[in-house]
Amino acid sequence: MNIVIMGCGRVGARLAGLLDIEGHSVTILDIEAYSFRWLPPEFAGTALVGDGMDEEVLKKAGIGKADVFVAVTEADNHNIMAAQIAKHLFNVPKVLCRIYDPLRRELFSSLGIEALSPTTTFAQMLKDKIER
Amino acid sequence: MYIVIIGGGKVGFYLAKALLNEGHEVLVVEKDASRTEFINNELGSVCIRGDGCEVSILTEVGTGRANMFIAVTGEDEDNLVACQLAKHKFNVPRTIARLSNPRNETIFKKLGIDVTVSSTNIILEYIEQEVPTHPLTHLLAIRDSGLEVVEVKIPPNSPTIGKKVKELSLPPGSILSLIIRPQEKPQVPTADTTLQAKDLIIAVTTPEAEEALRTVLRGL
């Protein structure tokens, strides 16, 4: 699959590495070239400096042929806007997006964005561990 | 009318001031504490500190009963998210977003934001009007029609001087709407109107035909 990831932090870089090993064609975007230090040394995909909310940057990243777009920058609103551009302007079949704020996640899920909230998931995991 | 404004920067502040003067009920949401204090000192208690993209803050300020919701922070993505929350969570009938990047207009419209205002484009248009040698000035883009209103000045040495309007081969979709001459009343040009030097022509055209229109009128 062709996969475009926006945000090369710990999560983005790790995800890129995992998908790359599986044989997927991965392009990862970040506004800082320095962030690419998180990528595993054997990463064979493309790392591109640019803002994933910018249509031109997305085109360069091959969004037109992408099967999946993942938005995992630190900022909720960046992720939300980029995810909606990928979904509504470029018709990417699968769009995933991280939203820390659980209430915002709820709303944008209802608007058709597949959004995950690490806040809710992780809190639940901790609770389960404590009560077990 | 109850109007909620997100962002208390220069735009938000003066907008709130103007709307208050018109007698509206206005509330500003601003992230920065000292900015919030400043606005409250200047305009009375109309500003609350908080993030306009947080559902809890929007609930607190009573967004549900707002007639209009205007997001004017400096960040396009924040304005988008705030307006989408207002529209879909609180059913505000009219949402207006400020854009810094004119390119984002398409996606904002597609996502149902009622009105977008691109500050970058507006500033560019005003500067264009102030550059006297500029051959064609954009006055207004007519929303959702693909048409625009432009201004063209006939230079003193133009070969079109003395020609009648019907002799010009205007590009399709372009209409000359008004001729303004120094010391004369503005007139609506007819087929027999003769062009003069220094005529100021207001025309309706399309972005594609704009170049051709300029060439036809200025003859250069």
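Everything numeric in this text was worked out from a predicted model, so none of it was measured.

**Q** Explain the overall build of chain A to me, please; I cannot follow it from the model alone.
**A** Looking only at helices and strands, chain A features five helices and six strands. Along chain A, helices (α) and strands (β) appear in the sequence β-α-β-β-α-β-α-β-α-β-α when read from the amino end. In terms of overall size, chain A behaves like a compact globule, its C-alpha atoms giving a radius of gyration of 15 Å where 132 residues would be expected to give roughly 14 Å. Split into buried and exposed, the 132 residues of chain A put 41% on the buried side. Sequence-distant contacts in chain A: of pairs separated by 6 or more residues, those separated by 24 or more amount to 46%.

**Q** Where do I start with the nonpolar core in this structure?
**A** Nonpolar side chains tend to gather and get buried jointly when the protein is soluble and globular. By size, the foremost hydrophobic cluster in this structure holds 69 residues, and its most contacted members are A:Ile5, A:Phe69, A:Ala83, A:Ala86, B:Ile5 and B:Ile70. Among all residues touching A:Ala83, those that are not within four sequence positions of it are A:Phe69, A:Ala71, A:Val95, A:Cys97 and A:Ile113.

**Q** Before we go on, may I ask you to explain the sheet that holds strand 10 (residues 200-205) of chain B in this structure?
**A** Residues and elements named next belong to chain B. On the basis of which strands lie adjacent, the open sheet formed by four strands has the order 7-8-10-9 and antiparallel pairing. The open sheet has two edge strands with one neighbour each: strand 7 (136-142) and strand 9 (175-180). Neighbouring strand axes in the sheet, compared pairwise and without regard to direction, differ in orientation by 20° on average. Here strand 9 runs beside strand 10; their pairing, made up of five bridges, is antiparallel. Paired with isoleucine 175 across the strands is valine 204, a residue of strand 10.

**Q** What is the right way to look at the domain arrangement of chain B in this model?
**A** The parts lose accessible area when they come together, and the size of an interface is often stated as this lost area. Looking at the assigned domains, one finds that chain B contains domain 1 (2-122) and domain 2 (133-218). The gap between the C-alpha centroids of domain 1 of chain B and domain 2 of chain B is 38 Å.

**Q** I'm lost on the interface of chain A and chain B in this one. Help?
**A** Between chain A and chain B, the residue contacts involve 14 residues of the former and 14 residues of the latter. At the level of elements, helix 3 (76-88) and helix 4 (102-110) of chain A are the ones that each hand at least two residues to the side of chain A that touches chain B. When residues of the side of chain A that touches chain B are assigned to their parent elements, the largest contribution, seven residues, is made by helix 3 of chain A. Within the side of chain A that touches chain B, the residues separate by chemical class into eight nonpolar, four polar and two charged.

**Q** Would you explain the sheet that holds strand 1 (residues 2-6) of chain B in this entry?
**A** Residues and elements named next belong to chain B. Strand order in the open sheet formed by six strands is 3-2-1-4-5-6, and the pairing between neighbours is parallel. Both edges of this open sheet fall to strand 3 (47-49) and strand 6 (115-118), since each of them pairs with a single strand only. Mean inter-strand twist for the sheet, computed between neighbouring axes without regard to direction, equals 20°. Relative to strand 4 (residues 68-71), strand 1 runs parallel, the two sharing four bridges. Following the sheet pairing, isoleucine 6 is matched in strand 4 by alanine 71. Contacting strand 1, strand 2 (25-30), strand 4 and strand 5 (94-99), helix 1 (residues 10-21) crosses the sheet at an angle of about 165° to strand 2. Packing of helix 4 (residues 76-88) onto the sheet brings it into contact with strand 1, strand 4 and strand 5, and relative to strand 5 it is tilted by some 175°.

**Q** Hey, could you run me through helix 1 (residues 10-21) of chain A in this one?
**A** Residues that lie three or four places apart on an α-helix share one face, since the helix turns once every 3.6 residues. Residue and element names in this part refer to chain A. Its 12 residues give helix 1 an end-to-end C-alpha distance of 17 Å, which sits within 8% of 16 Å, the value for a rise of 1.5 Å per residue. Those residues of helix 1 that sit buried are Gly12, Ala13, Leu15, Ala16, Gly17 and Leu19. In the core, the buried residues of helix 1 are packed alongside strand 1 (2-6), strand 2 (25-30) and strand 4 (68-71). Phi turns positive, to about 100°, at glycine 23, one or two residues after helix 1.

**Q** Looking at this model, I keep getting lost on the confidence of the model for chain B. Mind explaining?
**A** A low pLDDT score tells you not to read the predicted coordinates there in detail. Mean pLDDT over chain B works out to 91, with 98% of the residues at or above the 70 mark. Predicted complex, confidence summary: ipTM 0.88, pTM 0.77.

**Q** How should the pairing of strand 8 (residues 147-153) of chain B be read in this particular structure?
**A** Residues and elements named next belong to chain B. As defined by bridge partners, strand 7 adjoins strand 8 across six bridges and the pair is classed as antiparallel. By the bridge assignment, histidine 138 is partnered in strand 8 with valine 150. The antiparallel hairpin formed by strand 7 and strand 8 contains four residues in its connecting segment, where aspartate 144 sits at a positive phi of about 60°. Across six bridges, the pairing between strand 8 and strand 10 is antiparallel. Its bridge partner lying in strand 10, glutamate 148 is registered against threonine 205.

Calculation rules
- Once a new chain begins, its residue numbering starts again from 1 and follows that chain's sequence as written.
- The naming scheme follows written order: chains are lettered A onward, ligands numbered 1 onward.
- Under the rules for a predicted model, residues below a pLDDT of 70 receive no local features and side-chain atom pairs below 80 are neither given nor counted, while totals for whole chains, interfaces and linings still include all residues.
- Where helices and strands are cited, they refer to DSSP runs of H or I of at least four residues and of E of at least two residues respectively, numbered from the N terminus.
- For this measure, only C-alpha atoms enter the radius of gyration; the expected value for a globule follows 2.2 Å times N^0.38, where N is the number of residues.
- The burial label depends on the number of other C-beta atoms within 10 Å of a residue's C-beta. Counts of 20 or more mean buried, 12 or fewer mean exposed, and intermediate counts mean partly exposed, with C-beta atoms placed from the backbone.
- Contacts here follow a simple rule: the backbone-placed C-beta atoms of the two residues must lie within 7 Å.
- The nonpolar core is taken to be a set of buried Ala, Val, Leu, Ile, Met, Phe, Trp, Tyr and Cys residues joined by way of C-beta atoms within 7 Å.
- DSSP bridges decide pairing: two strands pair if at least two such bridges lie between them.
- Note on method: axes are straight lines fitted to C-alpha atoms, helices fitted across the in-contact stretch only, with angles between N-to-C directions ranging 0 to 180 degrees.
- Domain ranges listed in this record stem from an automatic or a database domain assignment.
- By the convention adopted, Pro, Cys, Tyr, Trp, Phe, Met, Ile, Leu, Val and Ala count as nonpolar, Lys, Arg, Asp and Glu as charged, and the other residues, Gly among them, as polar.
- By this rule the span expected of a helix is its residue count minus one, scaled by 1.5 Å.
- pLDDT expresses, on a scale from 0 to 100, how confident the predictor is about each individual residue.

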